[in-house]
Amino acid sequence: MKCFFRSFDVGIGDCNVLRLVKDDGNQYVIMVDCGKFTTTVKSYVEDILQNHINLLVATHIDGDHINGLSSMMKNCPNLQIDKIWYNCYGRSIQDVGKVELTEEQREVLRWVKNALPVEFDSINYKKEISAEQGKSLASEILKNDAWRKAWNSDYITNELQDVVLPDDFGKIVLLGPTKDALDNIEKRFKDAFNGYFMQVWNDSLKDSESISELLIRLIDAYKGKFEAKQVSATISGKPDAAFVKIAAEDEGTDASDTNYSSIAFMLESGGHRVAMLGDAYAVTIEKAIGNKYKNVEKPIVCDAIKVSHHGSNGNNSKVLLDLITSHKYYIPGGRKDEYPTWGTLGRIALSQQDNDKKLIVFSHKGDMSEKMDNLDGKTKEELKIETIITDQEYELFEW
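Quick notes on the rules
- Residues numbered from 1 in each chain as written.
- Predicted model: local features only at pLDDT ≥ 70, side-chain atom pairs only at ≥ 80, totals over all residues.
- Heavy atoms only, no water.
- Axes fitted to C-alpha atoms, helices over the stretch in contact; angles between N-to-C directions.
- Helix = DSSP H or I, 4+ residues; strand = E, 2+ residues; numbered from the N terminus.
- Parallel < 35°, antiparallel > 145°, perpendicular 65-115°, else oblique.
- Contact = heavy atoms within 4.5 Å.
- Nonpolar A, V, L, I, M, F, W, Y, C, P; charged D, E, K, R; others polar.
- pLDDT = per-residue confidence, 0-100.
- Phe/Tyr/Trp six-rings, centres within 6.5 Å; stacked < 30°, edge-to-face > 60°.
- Buried < 20%, exposed > 50% of the residue type's maximum accessible area, 1.4 Å probe, protein only.
- Polar contact = N/O pair within 3.5 Å; in protein donor to acceptor, adjacent residues only side chain to side chain.
- Expected span 1.5 Å × (residues − 1).

Caption draft 1: Highlighting the packing of helix α6 (residues 179-196) against helix α7 (residues 208-221). Interaxial distance between α6 and α7 falls to 9 Å at its minimum, and their mutual angle equals 95°. Relative to α7, the element α6 is oriented roughly perpendicular. Contacts between α6 and α7 involve Ile-185, Arg-188, Phe-189, Ala-192, Phe-193 and Tyr-196 from the first element and Ile-211, Ser-212, Leu-215, Ile-216, Leu-218 and Ile-219 from the second. Grouping the amino acids of the contact of α6 with α7 by side-chain chemistry returns 10 nonpolar, one polar and one charged.

Written out as structure tokens, the structure is:
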């Protein structure tokens with residue numbers, strides 16, 4: 001069996017696919033997020049995946065992770081999906097007995113859709129996802145009876161047992177989120193509903209999944225405007241090895257409720273491991289590794305690590321990168337000069353160094369990924385890293 005991994009260039013967001021392929025051609029496909037359903041992604045789904053995804057994971061409710069999934073489902077109604085993981089409030093099997101929104105409430109919902117922030121391309125600063133701004137992944141899933149049934153009815157949390165994949169493809173160890181994170185985001189949604197819709201939330205309303213999804217995106221997007229948020233310090237100087245090492249000491253914090261609720265997991269197959277960290281908080285993953293890998297020698301060696309939250313400073317701690325290690329790190333997306341950060345690059349480079357260089361793969365040519373890729377050879381040699389900007393598919397391992 002072989003494992004292939006591809007991190008697509010979908011602009012600022014994520015779109016990652018793991019393929020476990022047996023010698024007879026039988027494959028198990030895990031698609032994790034899609035911020036933008038590009039023609040490249042569409043061709044891959046049709047030609048390589050043969051319109052069949054075994055497990056679709058929407059890690060959390062952020063537009064740069066789910067807008068493309070909404071478009072994919074809208075444009076590919078015959079797509080076969082065996083199982084869907086998406087922690088969105090509701091997930092009802094049928095709408096029998098549920099009541100419609102009033103006209104006033106529908107007007108509020110239209111306002112919410114229009115108020116969602118538009119994502120911007122991290123190089124050209126052009127509107128990138130405006131056409132998909134008000135789409136709801138939940139509504140697209142529920143339109144299709146097969147997808148509705150494939151949608152896991154229970155919340156996906158790191159309190160669940162390992163998920164054994166069929167036909168000896170391996171298993172998934174859930175690292176995030178915690179149930180507390182989902183309880184927190186659910187409370188924020190209900191409070192927001194009560195305020196915006198001038199009615200106490202009740203479960204009898206139709207389209208509760210879509211309302212939840214859109215309101216959560218709205219309140220998370222504007223949270224920073226009303227609440228104090230810690231940010232990392234600005235590091236100045238020439239981006240050489242000394243600069244990167246200093247930056248590595250500076251860790252930020254993440255105050256996003258949606259990132260706190262992000263699904264993160266470890267794929268295990270034939271003694272190999274691939275860490276898919278979504279946009280999860282570092283501390284969430286650290287605690288889960290401590291609980292689920294108590295008797296495993298640290299650092300846990302992975303064939304690849306999909307770095308959390310586009311390599312931001314608040315999601316990739318030194319503690320985490322000392323618990324898991326690899327010689328391949330994938331950093332999708334990125335936003336302007338915000339992330340990926342020099343601090344994350346430095347912590348990756350300095351953690352668990354040996355005689356082999358670490359390959360850091362950026363899927364998107366953004367402001368920061370281009371600067372990091374353009375580090376001179378001497379700096380990369382001292383840091384023991386190689387970099388590349390590509391969304392090509394890699395073979396991670398064979399067994």
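Caption draft 2: Molecular detail of the confidence of the model for the chain. Summary statistics for the chain give a mean pLDDT of 90 and a share of 90% for residues scoring 70 or more. Here residues 120-130 is modelled with pLDDT under 50, and outside its nearest four sequence neighbours on either side it reaches 33 contacts, counting other chains as well. Confidence drops under a pLDDT of 50 for residues 225-232, and excluding neighbours within four residues, the segment shows six contacts in the predicted structure.

Caption draft 3: Main features of the packing of aromatic side chains. Counted by the stated rule, this structure contains 13 aromatic pairs. For the ring pair Phe-8 and Tyr-44, a centre distance of 5.0 Å and an interplane angle of 75° mean the geometry is edge-to-face. Note that Phe-8 is positioned in the loop between β1 (2-7) and β2 (16-21) and Tyr-44 in helix α1 (residues 39-47), a separation of 36 residues in sequence. Judged by its relative accessible area of 1%, Phe-8 falls in the buried class. Through a chain of ring-to-ring contacts, the aromatic side chains of Tyr-89, Phe-189, Phe-193, Phe-197 and Trp-201 assemble into a single cluster.

Caption draft 4: Layout of the side chain of Gln-27. For Gln-27, the position within the fold is in strand β3 (residues 27-32). The class of Gln-27 is buried, set by a relative accessible area of 17%. At a separation of 2.9 Å, a polar atom in the side chain of Gln-27 contacts the side chain of Arg-19. There is a polar contact of 3.3 Å between the side chain of Gln-27 and the backbone oxygen of Ile-48. Once residues lying within four places of it in the same chain are set aside, the contact partners of Gln-27 are Arg-19, Leu-20, Val-21, Ile-48, Leu-49, Asn-54 and Phe-169.

Caption draft 5: Layout of α6. Given a rise of 1.5 Å per residue, 18 residues ought to cover 26 Å, and the 26 Å separating the end C-alpha atoms of α6 matches this to within 8%. Against the buried residues of α6 lie α7 and α10 (257-260). Phi for Met-198, located one or two positions after α6, is positive at around 55°.

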